[in-house]
Amino acid sequence: MNERAAELRRLLVRNLDEVTLERQQREPLYDTRCGGVSDGTAARKLGAGVDVLAPGKRSCPYHLHHAQEEMFVILEGQGTLRVAGEMLPVRAGDVVFIPPGPEYPHQFINTSDAPMRYLSISTQERPELCEYPDSGKVAGYIRGLRIIQRPGEALDYWEGEP
């Protein structure tokens, strides 16, 4: 492969089996290994990650996005999509679409006895505001800054101003 082709491959192509996975665990409910597929690529508007959810565990807290749209491709295993107060079975081959907005809070739960592997694809819109219905938290994200709090703990608009 010539130098230009090698550089294009580095910017445009990733293999899921070569993505470094980091474990995110919080017992007793959460245990997943995840990695950024699109990290270091030329992608500007889309992001992708790969997740391996341990048997009997949840992926992340139940949440909703106000800006980002998400799509999940179940690659291996099976589980449950907790969405909008309902529990929907999912399995390898399913593609899940989650539009932004308060109508679709979501979370994956591996209800099987084998790992559940899936691809997470999302628009990378910033600023982003996420809500966590189970805990009442709100998170704001812009490039390089993340703020998480409960609305009742917010500062007064005039706090600290002269």
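These notes cover the structure that comes with them. (Residues numbered from 1 in each chain as written. Predicted model: local features only at pLDDT ≥ 70, side-chain atom pairs only at ≥ 80, totals over all residues. Heavy atoms only, no water.)

1. Digging into the pattern of salt bridges
Working definition: two side chains of opposite charge can pair if their charged atoms are close together.
Then comes step 1: Evaluation of the coordinates by the stated rule reveals six salt bridges.
Then comes step 2: For Asp31, the salt bridge identified is with Arg23, shortest N-O distance 2.6 Å.
Then comes step 3: Judged by its relative accessible area of 53%, Arg23 falls in the exposed class.
Then comes step 4: Note that Glu27 and Lys57 form a salt bridge whose closest N and O atoms lie 2.8 Å from each other. Highlighted residues: Glu27 in the loop between strand E1 (22-26) and strand E2 (30-36) and Lys57 in the loop between strand E3 (46-53) and strand E4 (64-65), separated in sequence by 30 residues.
Then comes step 5: The class of Glu27 is partly exposed, set by a relative accessible area of 47%.
Then comes step 6: Beyond isolated ion pairs, a larger network of salt bridges with shared partners links Asp17, Glu76 and Arg117. (Salt bridge = Lys/Arg side-chain N within 4 Å of Asp/Glu carboxyl O. Buried < 20%, exposed > 50% of the residue type's maximum accessible area, 1.4 Å probe, protein only. Helix = DSSP H or I, 4+ residues; strand = E, 2+ residues; numbered from the N terminus.)

2. Side note on unusual backbone geometry
Then comes step 1: Residue Pro28 follows Glu27 across a cis peptide bond; omega there is 10°.
Then comes step 2: When you line up the elements, Pro28 lands in the loop between E1 and E2.
Then comes step 3: At the junction of Arg126 and Pro127, the peptide bond is cis and its omega measures out at 5° in the coordinates.

3. A word on the pairing of strand E8 (residues 95-98)
Then comes step 1: A one-sided burial pattern is seen for E8, the buried positions being Val96 and Ile98 and the unburied ones Val95 and Phe97.
Then comes step 2: Here strand E5 (residues 70-76) runs beside E8; their pairing, made up of four bridges, is antiparallel. Bridge pairing in E8 places Phe72 opposite Val96. (Pairing = 2+ DSSP bridges.)

4. With respect to the environment of Gly49
Then comes step 1: Structurally, Gly49 can be placed in strand E3.
Then comes step 2: Since its relative accessible area comes to 12%, Gly49 is described here as buried.
Then comes step 3: As for Gly49 and Val19, which are separated by 30 residues in sequence, their C-alpha atoms are 8.8 Å apart.
Then comes step 4: Once residues lying within four places of it in the same chain are set aside, the contact partners of Gly49 are Gly35, Gly36, Val37, Tyr118, Leu119 and Ser120. (Contact = heavy atoms within 4.5 Å.)

5. Some remarks on the nonpolar core
Then comes step 1: Listed in full, the 11 residues of the largest apolar core are Leu53, Phe72, Ile74, Leu81, Val83, Val90, Val96, Ile98, Phe108, Met116 and Tyr118.
Then comes step 2: Of all elements in the fold, only E5, strand E6 (78-83), E8 and strand E10 (116-123) reach the threshold of two or more residues within this core.
Then comes step 3: The contacts of Val90, once residues within four sequence positions are left out, are Ile74, Gln78, Gly79, Thr80, Leu81, Val96, Phe108 and Met116.
Then comes step 4: If you look at the next biggest cluster of nonpolar residues, it comprises five residues, including Val37, Val50, Leu119 and Ile121. (Core = buried A, V, L, I, M, F, W, Y, C linked by side-chain atoms within 4.5 Å.)

6. A look at the packing of aromatic side chains
Then comes step 1: Taken as a whole and assessed by the stated rule, the structure comprises four aromatic pairs.
Then comes step 2: On the basis of an interplanar angle of 80° and a centroid distance of 5.0 Å, the ring pair of Phe72 and Phe108 is categorised as edge-to-face. Remark: Phe108 occurs in strand E9 (residues 106-109) and Phe72 occurs in strand E5; sequence separation between them is 36 residues. Each member of the pair, Phe72 as well as Phe108, is classed as buried.
Then comes step 3: Among the aromatic residues, those joined into a cluster by ring pairs are Phe72, Phe108 and Tyr118.
Then comes step 4: The ring centre of Tyr62 lies 3.6 Å from the NZ or CZ of Arg82, which sits over that ring.
Then comes step 5: Stacked on the ring of Tyr132, the Lys or Arg Lys137 has its end atom at 5.2 Å from the ring centre. (Phe/Tyr/Trp six-rings, centres within 6.5 Å; stacked < 30°, edge-to-face > 60°. Lys NZ or Arg CZ within 6 Å of the ring centre and 35° of its normal.)

7. A look at the sheet that holds E3
Then comes step 1: Reading across from one edge, E1-E2-E3-E10-E5-E8 is the order of the six strands in this open sheet, with antiparallel pairing throughout. With partners counted over all chains shown, the strands left at the sheet margins are E1 and E8, one partner each. Adjacent strand axes in the sheet meet at a mean angle of 25°, parallel and antiparallel pairs treated alike.
Then comes step 2: As judged from the eight bridges shared by E3 and E10, these two strands associate in the antiparallel manner. Residue pairing across strands places Val50 opposite Leu119, the latter belonging to E10. (Axes fitted to C-alpha atoms, helices over the stretch in contact; angles between N-to-C directions.)

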